[in-house]
Amino acid sequence: MTAVTPSRRPRTEREVRIDLAAAYRLAALAGWDDTIYTHLSAAVPGEPGVYLLNEFGLAFEEVTASSLVKVDVHGRVVDGSGRRVNPSGFAIHGAVHAARPDVECVVHLHAPWGVALAMLPGGLQPTSQWAMRLYGRLGRHGYEGLALGAEEQQRMVAALGGLDGLILDNHGTLTVGRSVAEAYLLMHLLERAAQAQLRAMAASAGQVLVASPALAERTYRQWVGDGSEWDGDAEWPALLRRAERLSPGFRD
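Please read these numbers as outputs of a predicted model, since none were measured by experiment.

Colleague: Whenever I open this one, the overall build of the chain confuses me. Can you help?
Modeller: For the chain, the helix and strand inventory stands at eight helices and seven strands. Long-range contacts, defined as pairs at least 24 residues apart, comprise 69% of the intrachain contacts of the chain with a sequence gap of at least 6. In the structure as shown, the chain presents an accessible area of about 11400 Å², 55% of it carried by carbon and sulfur atoms. In the chain, 24 positive and 28 negative side-chain charges are present, and the distance between their average locations comes to 4 Å.

In structure tokens:
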């Protein structure tokens, strides 16, 4: 993330709920869902240690602002609703939120191109403008099986550090953002960049044009500018309109 953090009006819980529900719907429209698995989570404004998560058993396309459940860092329901969540699924999210109080939203997916990218030893390369917008912003975490105990959580958050996301080897992808819009847009860029790279590699026996580190860094700097605008600021209003057209009802 950029070093400059402009002053912004504090977010309300209602605003975060609407954005997170929209992000779930947009992820479904993009084909990023995995039946009832994987999650997008967001911190509740004014309630430290409390986060919003999808109710377990709902498809992404069914999530609404009011159906989001409040949980603590361990995935335990704290809003008195009695609704089910997937605490094991929140293990990744809880660890990241606890380690990164600067983050509003965490997106973890098993999206097709991201999973394929997670199988490549070289990971994401600066082969497209999408990828160069992410240059130097992603870490990697080695696969350790389905379990995610306290020791692995420590290794994962260490790999993330202050970066904007992770490639989870043999597993999937993760992005974080200071807003729901930022986390979602970074995942959009990552999935697009992975798709472009993998298609080019398949068409050319792995021989693709890779930008030099200096060029990739310069291109990234051109994207971020002075840091006054966050990733997703420009794109989110249009994405909300798309969700309204193609998957209405998320504000309910």
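From this point, things continue past the structure.
Colleague: What is the right way to read unusual backbone geometry from this model?
Modeller: Negative phi values dominate among residues other than glycine, just as trans dominates among peptide bonds. With phi around 50°, T35 is a residue other than glycine that occupies positive phi space. Looking at where T35 falls in the secondary structure, it is placed in the loop between α1 (13-29) and β1 (39-43). In this structure T35 comes out as exposed when scored by relative accessible area, which is 54%. In this structure, N170 takes a positive phi of about 60° despite not being glycine. Counting through the fold element by element, N170 comes out in the loop between β6 (165-168) and β7 (172-177).

Colleague: Explain the nonpolar core here, please?
Modeller: As a rule of thumb, soluble globular proteins bury nonpolar side chains together. Core analysis: the largest hydrophobic core is formed by 53 residues, its most contacted members being L20, Y24, L40, L109, L124 and W236. When residues of this core are traced back to their parent elements, those giving at least two are α1, β1, β2 (51-53), β3 (69-71), β4 (105-109), α6 (180-203) and α8 (236-246). At 12 residues, α6 tops the list of elements feeding residues into this core. Residues within four places of L40 in sequence aside, it is in contact with L20, A23, Y24, L52, L53, F60, H93, V106, V107 and L109. V106, L160, L168 and V176 belong to the second largest nonpolar core, which has 11 residues in total.

Colleague: How do you make sense of the side chain of D164 when you look at a structure like this?
Modeller: Tracing the backbone through its elements, the reader meets D164 in the loop between α5 (150-160) and β6. Given the relative accessible area of 1%, D164 is considered buried. Of note is the side chain of D164, whose polar atom sits 2.6 Å from the side chain of R137.

Calculation rules
Residues numbered from 1 in each chain as written. Predicted model: local features only at pLDDT ≥ 70, side-chain atom pairs only at ≥ 80, totals over all residues. Heavy atoms only, no water. Helix = DSSP H or I, 4+ residues; strand = E, 2+ residues; numbered from the N terminus. Contact = heavy atoms within 4.5 Å. Areas by Shrake-Rupley, 256 points an atom, 1.4 Å probe, with all protein chains shown as cover. Lys, Arg positive; Asp, Glu negative; His and termini not counted. Charge placed at Lys NZ, Arg CZ, Asp CG, Glu CD. Buried < 20%, exposed > 50% of the residue type's maximum accessible area, 1.4 Å probe, protein only. Core = buried A, V, L, I, M, F, W, Y, C linked by side-chain atoms within 4.5 Å. Polar contact = N/O pair within 3.5 Å; in protein donor to acceptor, adjacent residues only side chain to side chain.

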